[in-house]
Amino acid sequence: MAGAYDDRDGKIWMDGTLVDWRDAKVHVLTHALHYASSVFEGERCYNGKIFKGREHSARLLKSGELLDMPIPYTVDQIEEAKYAMLKANGWMDAYVRAVAFRGAGEDMGVSAARNKVKLVVAGWEWGAYYGDAKMQGAKLGISKWKRPSPETIPSQAKAAGLYMICTMSKHDAEAKGFSDALMMDYRGYVAEATGANIFFVKNGEVHTPLADCFLNGLTRQTVIEMLKEKGITVHERHIMPEELEGFEQCWLTGTAAECTPVSQIGDYRFEVGQLTKDVTKAYEALVRA
């Protein structure tokens, strides 16, 4: 697939109907466009099977619940929609995007309880998120924007509004020649990249930021489980920025990022070491099993 995302061949599932790609439209007064009343999931389908698809669908419903935006579908119905979309497009390997949002309706202000919540499921064929970083390691800048306190918004919701500072951070990083940006949290601890969780290695043990104010990614959880099964010690804890100097290896995890080695964060350098390679290889095998 190529070209602008609003001008492609294919089918998109919209509230129970498969529509032509170019006809998948919403009104300009859709509430989500003005007030970010939207939650979403990013998933990958490998060999015809969506990895942890039901977990993603359950998290979508939870995100809607956390944002006082009940989604009128069940996990089974969302799964059916995703596979219908994939079948209609003839894809066995693809990225899947399910997004729920408040549509246009009787309300057009901050309050929008009378506006129906819509569900759309789209997809596209997508390769490695960081290009050749699988071999060489991604390079990250350090964002000036921080992950907000969970007292400002439910941090375990995959809410569209939370990604605006990610877009700003990534644009700034790319302008400086980096692939992405590392973000700190509101307290100054290391948090995550703009769309991926982060792991570090020191003396054979793994350290990863405690997910207490940002999304505890499903890929993150999967990798932690894999590491523990191999007998590798994993520390989920608060990490100070100055600790970056002492870490030897680093990688990112996320549905889009999968497992991607990191070679640089700001002025700090990391080797694409054996543990990083082993985790990357093991994850690739798992999702295609």
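Our structure is the block above this text.
Asker: Looking at this structure, how should I read the sheet that holds strand β1 (residues 11-14)?
Answerer: Two modes of strand pairing occur in sheets, parallel and antiparallel, and in both the strands are linked by backbone hydrogen bonds. Ordered by their spatial adjacency, six strands build an open sheet running β2-β1-β6-β5-β3-β4, and the pairing between neighbours is antiparallel. Looking at the sheet topology across the chains shown, the edges are occupied by β2 (17-20) and β4 (49-50). Strand direction decides the pairing type here: β1 and β2, joined by four bridges, are antiparallel. Note that in β2 the partner of Met-14 across the bridge is Thr-17. Packing against the sheet, helix α2 (residues 53-66) makes contact with β3 (38-46), β4, β5 (94-102) and β6 (117-124), and its axis sits at approximately 175 degrees to β3. Seen against the sheet, helix α3 (residues 75-89) touches β1, β2, β3, β4, β5 and β6 and runs at an angle of roughly 40 degrees to β6.

Asker: How do you make sense of the pairing of strand β10 (residues 197-202) when you look at a structure like this?
Answerer: Across a regular strand the side chains alternate sides, sitting on one face of the sheet and then on the other. Here β10 lies mainly inside the structure; five of its six residues are buried. Here β10 runs beside strand β13 (residues 249-254); their pairing, made up of five bridges, is antiparallel. Following the sheet pairing, Asn-197 is matched in β13 by Thr-253. Two strands pair when backbone bridges link them, and β10 and strand β11 (residues 205-209) are joined in this way by three bridges, in the antiparallel orientation. Across the sheet, residue Lys-202 finds its bridge partner in β11, namely Glu-205. Taken together, β10 and the strand that follows it, β11, pair antiparallel across an intervening segment of two residues, in which Asn-203 is found at a positive phi of about 50 degrees.

Asker: Just to check I follow, could you spell out unusual backbone geometry for this structure?
Answerer: Comment: phi is negative for the bulk of residues other than glycine, and the bulk of peptide bonds are trans. The phi angle at Asp-68 is positive, at roughly 55 degrees, despite the residue not being glycine. Positionally, Asp-68 belongs in the loop between α2 and α3. Looking at Asp-68, the relative accessible area reads 61%, which means it is exposed. For Glu-258, which is not glycine, the phi torsion reads 55 degrees and is therefore positive. Take Glu-258: it is sitting in strand β14 (residues 258-265).

Asker: For this particular structure, what's the right way to read empty space enclosed by the protein?
Answerer: Rolled over the atoms, a probe with the dimensions of a water molecule shows which regions are left empty. Taken as a whole and judged by the stated rule, the model has one cavity of 30 Å³ or more. Lining the largest cavity, in full, are Arg-44, Tyr-46, Phe-51, His-56, Leu-218, Thr-219, Thr-255 and Tyr-283. Of the residues contributing to the lining of the largest cavity, the split by class is four nonpolar, three polar and one charged.

About the cut-offs
- Residues numbered from 1 in each chain as written.
- Predicted model: local features only at pLDDT ≥ 70, side-chain atom pairs only at ≥ 80, totals over all residues.
- Heavy atoms only, no water.
- Pairing = 2+ DSSP bridges.
- Helix = DSSP H or I, 4+ residues; strand = E, 2+ residues; numbered from the N terminus.
- Contact = heavy atoms within 4.5 Å.
- Axes fitted to C-alpha atoms, helices over the stretch in contact; angles between N-to-C directions.
- Buried < 20%, exposed > 50% of the residue type's maximum accessible area, 1.4 Å probe, protein only.
- 1 Å grid on protein atoms, 1.4 Å probe; cavity = no way out; pocket = protein on both sides within 12 Å on 5 of 7 lines; lining within 4 Å.
- Points joined across faces, edges and corners; volume = space filled by probe spheres on them.
- Nonpolar A, V, L, I, M, F, W, Y, C, P; charged D, E, K, R; others polar.

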